[in-house]
Amino acid sequence: QVQLVESGGGLVQAGGSLRLSCAASGSILSFNAMGWYRQAPGKQRELVANIPRAGTTNYADSVKGRFTATRDNAKNTVYLQMDSLKPDDTATYYCNAVILRSPPQYYWGQGTQVTVSS
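Residues numbered from 1 in each chain as written. Predicted model: local features only at pLDDT ≥ 70, side-chain atom pairs only at ≥ 80, totals over all residues. Heavy atoms only, no water.

Visitor: Describe the packing of aromatic side chains, listing the residues and the values that go with them.
Guide: A complete count under the given rule lists two aromatic pairs for this structure. Here the aromatic rings of Tyr-37 and Trp-108 are separated by 5.0 Å at their centres, their planes lie at 65°, and the arrangement is edge-to-face. A residue pair is termed long-range when its members are at least 10 positions apart, and Tyr-37 in strand β4 (residues 33–39) and Trp-108 in strand β10 (residues 105–108) qualify at 71 residues. For Trp-108, a relative accessible area of 35% gives the class partly exposed. One Lys or Arg, Arg-19, reaches over the ring of Tyr-79 and ends 3.9 Å from the middle of that ring. Across the ring face of Trp-108, the terminal group of Arg-45 is positioned such that the distance to the ring centre comes to 4.7 Å. (Phe/Tyr/Trp six-rings, centres within 6.5 Å; stacked < 30°, edge-to-face > 60°. Helix = DSSP H or I, 4+ residues; strand = E, 2+ residues; numbered from the N terminus. Buried < 20%, exposed > 50% of the residue type's maximum accessible area, 1.4 Å probe, protein only. Lys NZ or Arg CZ within 6 Å of the ring centre and 35° of its normal.)

Visitor: Any chance you could break down the sheet that holds strand β8 (residues 77–82) for me, citing the residues and the numbers?
Guide: Reading across the sheet, the four strands line up as β1-β3-β8-β7 and stay open at both edges, with antiparallel pairing between neighbours. The open sheet terminates on both sides in strands that have one partner only, identified here as β1 (4–7) and β7 (67–72). Each adjacent strand pair in this sheet contributes to an overall mean axis angle of 15°, direction not counted. In terms of strand pairing, β1 meets strand β3 (residues 18–24) through four bridges, oriented antiparallel. (Pairing = 2+ DSSP bridges. Axes fitted to C-alpha atoms, helices over the stretch in contact; angles between N-to-C directions.)

Visitor: Please provide a residue-by-residue account of the nonpolar core, values included.
Guide: Core analysis: the biggest nonpolar cluster contains 30 residues, and Met-34, Trp-36, Leu-80, Met-82 and Tyr-93 have the highest contact counts within it. Elements with a contribution of two residues or more to this core: β3, β4, β5 (46–52), β7, β8, β9 (91–99) and β11 (112–117). Tallying contributions element by element places β9 first for this core, with five residues. (Core = buried A, V, L, I, M, F, W, Y, C linked by side-chain atoms within 4.5 Å.)

Next comes the structure, spelled out in structure tokens:
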């Protein structure tokens, strides 16, 4: 019913850039918030950026100043512009969305791989 599809991952050298996209099957205004997470092998999934329906996007300290998350409501798509990439950014990146009900409803994409070489 609700589908999130990530794209844009790839292999880049350190210092390079990638732009990830997350396309939703419906209006992203239906979600109270969307976000980007990442998970590297052997590590826990971590929040990269939290994108509220309205307001200020919050970033993990590790990416602040390098990553920028945006949304295009007309295209039902959120983006993650990643600049100055580091090898530590290597991970599978996931898009998520939440509807704040009781209990909250969470939706996840399948992920897109980002690999940053030294």
